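# Observations on the model geometry
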Amino acid sequence: MFRRVLGKTLGFLGYTVQYGCIAHCAFEYIGEFVACSGPSMEPTITSHDVVFSERLSRHLCRIEKGDIVIAKSPFDPHMNICKRVIGLEGDKICTSGPSDVFKTHQYVPKGHVWLEGDNLRNSTDSRSYGPVPYALIRGRVCLKLWPPHNFGALNQSPTGRIVKRSD
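Keep in mind that what you see is a predicted model, and the values were worked out from it rather than measured.

Attention shifts here to the pattern of salt bridges. Overall, the coordinates contain 6 salt bridges when judged by the stated rule. The salt bridge involving D91 is made with K65; its shortest N-O contact spans 3.1 Å. One end of the pair, D91, is in the loop between β4 (80-87) and β5 (92-94); the other, K65, is in the loop between α2 (56-59) and β3 (68-72), and 26 residues separate them in sequence. The exposure classification of D91 matches that of K65, with both residues buried.

This is how it looks when you write it as structure tokens:
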């Protein structure tokens, strides 16, 4: 009887480890569900919205201007941020406000992206901490799941800050 209980316990433990490995690989390499908080992406994403962040784009270097990404915070590596990609490496970004008389610009260095929240008045982003290394990007947000009445793909930037490359 002891052998049977031990056998069933070890069998259960084996299945648990297998499913745990599958879940880990799925969340690490395919995507994850993210509950968002904070006002920086309003009105596109509000507090308590749940989104799906896919990771394949990051691994395949397919992050583009206008994409919303989840990234590690440059200030706190234990915190994730949700921002929109405004510029890629080599892009010239206007860093001054709309009411500034003298316009200032900054180039995005190689291996970096420029991230900004959609709510420009209430967002700590690249305007505060500068370009973000591409390696800090965790995934690209492709779908809003919650609340149900807002289910679907995400809208374009309401700020119009995405500057097309003039090559």
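Structure shown, so let's carry the discussion forward.
Time to look at the UniProt feature "domain: Peptidase S26" (unreviewed entry) in the protein. UniProt's entry tags residues 17-96 and 102-146 with the feature "domain: Peptidase S26" (unreviewed entry), counted in the numbering of this structure. Across residues 17-96 one finds 22% helix and 32% strand; the C-alpha atoms that close the span lie 52 Å apart. Overall, residues 102-146 shows 9% helix and 44% strand. The separation of its end C-alpha atoms is 42 Å.

The next subject is the pairing of strand β7 (residues 112-116). Regular strands place their side chains on alternate faces of the sheet. Of all 5 residues that make up β7, 4 are buried, and the element is covered over most of its length. Bridging between β7 and strand β8 (residues 132-133) involves 2 bridges; their strand directions are antiparallel. If you follow V113 over to β8, its bridge partner there is V132.

Turning our attention to a nonpolar patch on the surface. Judged by side-chain polarity, F2, L6, L10, L13 and V17 come together as a nonpolar surface patch covering roughly 520 Å² of accessible area. Relative to the helices and strands, L6 is located in helix α1 (residues 2-30).

Before going further, it helps to examine the sheet that holds β8. On the basis of which strands lie adjacent, the open sheet formed by 7 strands has the order β1-β2-β9-β3-β4-β7-β8 and antiparallel pairing. The open sheet has two edge strands with one neighbour each: β1 (31-35) and β8. Of the pairings in the sheet, the one linking strand β2 (residues 50-54) to strand β9 (residues 137-146) comprises 5 bridges and is antiparallel in character. Looking at the pairing, V50 lines up with W146 of β9. Docked against the sheet, α1 engages β1, β2 and β9, running at close to 80° with respect to β1.

Here we take up the UniProt feature "active site" (unreviewed entry) in the protein. Mapped onto the present numbering, the UniProt feature "active site" (unreviewed entry) falls at S40 and K83. Spanning 44 residues, the named residues form one tight spatial group whose C-alpha atoms are at most 7.8 Å apart. Those annotated residues that line the largest pocket are S40 and K83. Along the chain, the position of S40 falls in the loop between β1 and β2. In this structure, S40 is in contact with C82, K83, G117, D118, N119, N122 and S123, ignoring residues within four places of it in sequence. A distance of 3.0 Å separates polar atoms of two side chains, one belonging to S40 and the other to K83. Its location among the elements puts K83 in strand β4. Every residue in contact with K83, bar those within four places of it in the chain, is listed here: S40, M41, D67, I68, V69, L115, E116, G117, S123, T124, D125 and Y129.

The rules behind each value
- Residues numbered from 1 in each chain as written.
- Predicted model: local features only at pLDDT ≥ 70, side-chain atom pairs only at ≥ 80, totals over all residues.
- Heavy atoms only, no water.
- Salt bridge = Lys/Arg side-chain N within 4 Å of Asp/Glu carboxyl O.
- Helix = DSSP H or I, 4+ residues; strand = E, 2+ residues; numbered from the N terminus.
- Buried < 20%, exposed > 50% of the residue type's maximum accessible area, 1.4 Å probe, protein only.
- UniProt positions renumbered as here; feature names shortened; annotations may be inferred.
- Pairing = 2+ DSSP bridges.
- Patch = residues over 30% accessible without salt bridge, like charges linked within 9 Å, V, L, I, M, F, W, Y side chains within 5 Å.
- Areas by Shrake-Rupley, 256 points an atom, 1.4 Å probe, with all protein chains shown as cover.
- Contact = heavy atoms within 4.5 Å.
- Axes fitted to C-alpha atoms, helices over the stretch in contact; angles between N-to-C directions.
- 1 Å grid on protein atoms, 1.4 Å probe; cavity = no way out; pocket = protein on both sides within 12 Å on 5 of 7 lines; lining within 4 Å.
- Polar contact = N/O pair within 3.5 Å; in protein donor to acceptor, adjacent residues only side chain to side chain.

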